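Understanding the architecture of this molecule
Below are the chains, spelled out letter by letter.
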Amino acid sequence: MNNLSYITKTPLLLVILSLSLLSACTTTATNLVPIQVDKVSQAHAWEMRGKLAVKTPKDSFSTNLYWLHTQTKSELKLTTMLGTTVLSLITEHGMTRLEVDGKTYEHHDAQQLLTKVTGWSIPVNALPLWITGQVSPDDEVSSFDEKNRPVSLFTPLESPPWQVEFLKWQHQSGAQIPRLLQLKRVDLRLKIQVNEWQALADSDRVPTTNKIKKNTPINASTR
């Protein structure tokens, strides 16, 4: 049994994808402030809160997802509905530290580390782009919608490839980002729901007029 399944698969902690916002499991770095952007590519840092659901022929579970992503650091956390952190994955200065099941592991590649320790092939290296509705030069986009947003893509350079579907979109921080994504790879299926996404910037480099108050409610409109 893999570690991630063991620590999340109990009757109390199993949850379904919902529209409710999860409680913050961490705080934004003190030097980063919320900003508004016209498109996601303008955000060199961001944080998101949502849900991750994993399904295989033998297993299924859902967990809260928090992600802080900057140009120099990536901090991903999975938490229970009670706010307990069950997995923490932090990449900084070229090294990744994984904390799970009371143990700490380190490796230079976040994807390899997560797969080796937990047994789950979650594409953490590609997700920052997909979560924000962007694609890499190696992705093959199968179709676009009427607003030129990707509808589906696959990763031809990976074997087996990932298939990604952008099921719903929304406006957050002034930009369009996915609301719901589905990822498939053979018999593994992931669903990611983005409840909150906030563009961030270094407080020393942002004009006062571009900043927004930290406690300002985020109004997400679905498109």
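Residues numbered from 1 in each chain as written. Predicted model: local features only at pLDDT ≥ 70, side-chain atom pairs only at ≥ 80, totals over all residues. Heavy atoms only, no water.

Of the regular secondary structure elements, the chain holds three helices and 13 strands. When the accessible surface of the chain is totalled, it reaches about 11,800 Å², and 51% of it is carbon and sulfur. (Helix = DSSP H or I, 4+ residues; strand = E, 2+ residues; numbered from the N terminus. Areas by Shrake-Rupley, 256 points an atom, 1.4 Å probe, with all protein chains shown as cover.)

By size, the foremost hydrophobic cluster in this structure holds 46 residues, and its most contacted members are L87, L183 and W197. Examining the composition of this core, we find that seven residues originate from one element, strand 12 (residues 188-202), more than from any other. If we ignore the near neighbours within four places in the chain, the residues touching W197 are V40, A43, W46, E47, M48, T132, Q172, S173 and I177. A45, Y66, L68 and L200 belong to the second largest nonpolar core, which has five residues in total. (Core = buried A, V, L, I, M, F, W, Y, C linked by side-chain atoms within 4.5 Å. Buried < 20%, exposed > 50% of the residue type's maximum accessible area, 1.4 Å probe, protein only. Contact = heavy atoms within 4.5 Å.)

Once that is clear, we can look at the pattern of salt bridges. Inspection of every chain in the model, using the stated rule, returns seven salt bridges. Between E165 and K184 there is a salt bridge, and its shortest N-O distance comes to 3.8 Å. Of this pair, E165 sits in strand 10 (residues 163-172) while K184 is found in strand 11 (residues 175-185), placing the two residues 19 residues apart along the sequence. (Salt bridge = Lys/Arg side-chain N within 4 Å of Asp/Glu carboxyl O.)

Moving on: the environment of A43. Note that A43 resides in the loop between strand 1 (32-34) and strand 2 (45-55). Measuring from C-alpha to C-alpha, the distance between A43 and S173 comes to 9.6 Å, with 130 residues separating the pair along the chain. With residues up to four places along the chain from it excluded, the contact list for A43 reads V37, W197 and A199.

By the secondary structure assignment, N64 is in strand 3 (residues 60-69). The buried category is assigned to N64, whose relative accessible area is 5%. Separated by 2.6 Å, the side chains of N64 and K51 make a polar contact. (Polar contact = N/O pair within 3.5 Å; in protein donor to acceptor, adjacent residues only side chain to side chain.)

Once that is clear, we can look at the packing of aromatic side chains. Counted by the stated rule, this structure contains three aromatic pairs. Connected via pairs of aromatic rings, a cluster forms that spans W46, W67 and W197. (Phe/Tyr/Trp six-rings, centres within 6.5 Å; stacked < 30°, edge-to-face > 60°.)

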